[in-house]
Amino acid sequence: MLSASLAVLAGVFAVVSGVNDGGALLGAGLRVPGVRPLVALFVLVAAVAAVPMVTSRVAATFTTRLASLPGAAGQVAMTVAVVCALVVVLALSSRGWPTSLTLAIVGGLTGAAVGLGLPVSAGAVGLVLVAGVAAPFVGATVAVLASRVVSGLGRAQSLPRLHWGGFAVQCLAYAANDGQKMLAVFLVGLGVGGAPPLVCLLVAALFAVGAVYGLPRAGRTLSRQLLPARPLHAVAAGLGSGLSVIGCAAAGAPVSMTQAIAGGFVGAGVADSVRRVRWAATSKIVLAWTLTLPVSGLLGLTAGLMIKGVAG
């Protein structure tokens, strides 16, 4: 019964990830001429399906490195984590504060594991925190450099090709890192390891459903909130966020692509002028990130303690 419930919850989580993450990824490129949204969606979903079959290192961080999740106790911890993550993200989003599902699931899982008395790795949690703080800054720095390189080319015709290059890097980065949180939830729910192809395809299909639902509002994502974005900014932000998240994936540290994209847009804007960035909106997003992990962690801890008390 618990496995079936978690499997259903994992499906809901994958759809919500598609709405939240897919919108942020696809929205960045809508202003670049020549980029068809449905083709971009297909490339993103294909990466979500295929890349975990090659490397599932970040999924393993969720299932084994952050905390030990044995049997039924692990399923309970993951169930609590997903519920807490969805509650926090939906609550903040309803107030117009976009945030990260990855931060929320990390916080919820860590808190639930502590509350249930499961072993938690302080080193792994520390690695995730450091990577999460660094990702937006690295994305911003790379975006500044990319913006200057692209500007130096001086050819508007090259922007669609450069965007496709940056978008491809983003898709690979998301599938190798941030997107594997969905796979991790399914693996714990089904009680399997590795990255079974059928599970990867199921995750991608559910993610696609959410991304299609979120596509009409993709243009109102981070690119508009942080600055009046031009095609150049989308290209630079894509390169900056993709490269920074790939670096974190190599270390097995789950980070948020939305954080990296936001950092990329800020860096691209700063490359033009500090005044182009809407700093009030930026501060609101940073505040949402700051609240997400501790609030989801506290909710997970409280729920874990209550479940442990009832079971005891």
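Residues numbered from 1 in each chain as written. Predicted model: local features only at pLDDT ≥ 70, side-chain atom pairs only at ≥ 80, totals over all residues. Heavy atoms only, no water.

Per an unreviewed UniProt entry, the protein is named Inorganic phosphate transporter, and its organism is Herbidospora solisilvae.

Brief notes about the overall build of the protein
Each helix and strand in the protein was counted, giving 13 helices and 0 strands. Its C-alpha atoms give the protein a radius of gyration of 19 Å, within 12% of the compact-globule value 20 Å for 312 residues. For the protein, the spread of C-alpha atoms along the principal axes amounts to about 65 × 40 × 30 Å. Residues classed as buried in the protein amount to 54% of the 312 residues present. When the accessible surface of the protein is summed, it comes to about 12,400 Å², and 73% of that surface belongs to carbon and sulfur atoms. (Helix = DSSP H or I, 4+ residues; strand = E, 2+ residues; numbered from the N terminus. Rg over C-alpha atoms; globule rule 2.2 N^0.38 Å. Buried < 20%, exposed > 50% of the residue type's maximum accessible area, 1.4 Å probe, protein only. Areas by Shrake-Rupley, 256 points an atom, 1.4 Å probe, with all protein chains shown as cover.)

Observations concerning the packing of aromatic side chains
Tallied over the full model, the rule gives 1 aromatic pair. Between Tyr 174 and Phe 207, the aromatic rings sit 5.6 Å apart at their centres with planes inclined by 35°, giving tilted as the arrangement. Of the two residues, Tyr 174 is situated in helix H7 (residues 159-176) and Phe 207 in helix H9 (residues 197-214); the sequence distance between them amounts to 33 residues. Comparing Tyr 174 with Phe 207 shows no difference in burial state: the two are buried. (Phe/Tyr/Trp six-rings, centres within 6.5 Å; stacked < 30°, edge-to-face > 60°.)

With respect to the packing of helix H8 (residues 180-190) against H9
The interhelical angle for the contact between H8 and H9, taken along N-to-C directions, is 130°, at an axis separation of 10 Å. Considering the angle they form, H8 stands oblique to H9. With respect to the hand of their crossing, H8 and H9 are arranged in right-handed fashion. Contacts from Met 182, Leu 183, Phe 186 and Leu 190 in H8 reach Val 199, Cys 200, Leu 202, Val 203, Leu 206 and Phe 207 in H9. (Axes fitted to C-alpha atoms, helices over the stretch in contact; angles between N-to-C directions. Parallel < 35°, antiparallel > 145°, perpendicular 65-115°, else oblique. Left-handed = near helix turned anticlockwise from the far one by under 90°. Contact = heavy atoms within 4.5 Å.)

Some points on the UniProt feature "transmembrane region" (unreviewed entry) in the protein
Here the UniProt-annotated "transmembrane region" (unreviewed entry) positions come out as residues 6-26, 38-60, 72-92, 99-118, 124-146, 182-215 and 285-307. In residues 72-92, helix accounts for 100% and strand for 0%; the two terminal C-alpha atoms are 30 Å from one another. (UniProt positions renumbered as here; feature names shortened; annotations may be inferred.)

Focus on a nonpolar patch on the surface
Among the surface-exposed residues, Val 83, Val 87, Leu 287, Leu 291, Val 295 and Leu 299 lie close enough to one another that they form a single nonpolar patch of about 430 Å² accessible area. Taken together, the elements giving at least two residues each to the nonpolar patch come down to helix H4 (71-94) and helix H13 (279-311). Of note, Leu 291 is situated in helix H13. (Patch = residues over 30% accessible without salt bridge, like charges linked within 9 Å, V, L, I, M, F, W, Y side chains within 5 Å. Salt bridge = Lys/Arg side-chain N within 4 Å of Asp/Glu carboxyl O.)

Observations concerning the side chain of Ser 241
Residue placement: Ser 241 occurs in helix H11 (residues 231-250). A polar side-chain atom of Ser 241 sits 2.9 Å from a polar atom in the side chain of Gln 170. Not counting residues within four places of it along the chain, the set of residues in contact with Ser 241 comprises Gly 139, Gln 170, Met 257, Ala 260 and Ile 261. (Polar contact = N/O pair within 3.5 Å; in protein donor to acceptor, adjacent residues only side chain to side chain.)

Side note on the pattern of salt bridges
A complete count under the given rule lists 2 salt bridges for this structure. Where Asp 21 meets Lys 181, a salt bridge forms, and the shortest distance between an N and an O atom there is 2.7 Å. You can see Asp 21 sitting in helix H1 (residues 2-27) and its partner Lys 181 sitting in helix H8, a full 160 residues away along the chain. Considered together, Asp 21 and Lys 181 belong to a single accessibility category, that of buried residues.

Structural notes on the state of the cysteines
Note on terminology: disulfide describes a covalent bond linking the sulfur atoms of two cysteines. Under the definition given, this model contains 0 disulfides. With no disulfide of its own, Cys 171 lies 16 Å from the sulfur of Cys 200, the closest cysteine sulfur. Owing to a relative accessible area of 2%, Cys 200 belongs among the buried residues under this scheme. (Disulfide = S-S within 2.5 Å.)

A few points about helix H12 (residues 257-272)
The end-to-end C-alpha distance of H12 is 23 Å, a good match for the 22 Å that 16 residues give at a rise of 1.5 Å each. Most of H12 sits out of view: 13 of its 16 residues are buried. (Expected span 1.5 Å × (residues − 1).)

With respect to the environment of Ala 176
Along the polypeptide, Ala 176 turns up in helix H7. Residues Ala 176 and Ala 143 lie 33 residues apart in sequence; the distance between their C-alpha atoms is 20 Å. Filtering out sequence-adjacent residues up to four positions away, Ala 176 remains in contact with Val 51, Val 58 and Ala 249.

Topic: the side chain of Gln 170
Locating Gln 170 in the fold gives a position in helix H7. With residues near it in sequence (within four places) discarded, Gln 170 still touches Leu 25, Ala 237, Gly 238, Ser 241, Gly 242, Met 257 and Ile 261.

Observations concerning H8
By the criterion of burial, H8 is predominantly enclosed, with 10 of the 11 residues buried. Within the span of H8, buried status applies to Gln 180, Lys 181, Met 182, Leu 183, Ala 184, Val 185, Phe 186, Leu 187, Val 188 and Gly 189.

Observations concerning the packing of H12 against H13
Look at H12 against H13: their axes get within 12 Å of each other, and the N-to-C directions meet at 160°. The orientation of H12 relative to H13 falls into the category roughly antiparallel. As for how H12 packs across H13, the hand of that crossing is left-handed. Taken together, the residues of H13 that come into contact with H12 (itself represented by Thr 258, Gln 259, Ala 262, Val 266 and Val 270) are Trp 279, Thr 282 and Trp 289. Taken together, the residues of the contact of H12 with H13 sort by class into 5 nonpolar, 3 polar and no charged. (Nonpolar A, V, L, I, M, F, W, Y, C, P; charged D, E, K, R; others polar.)

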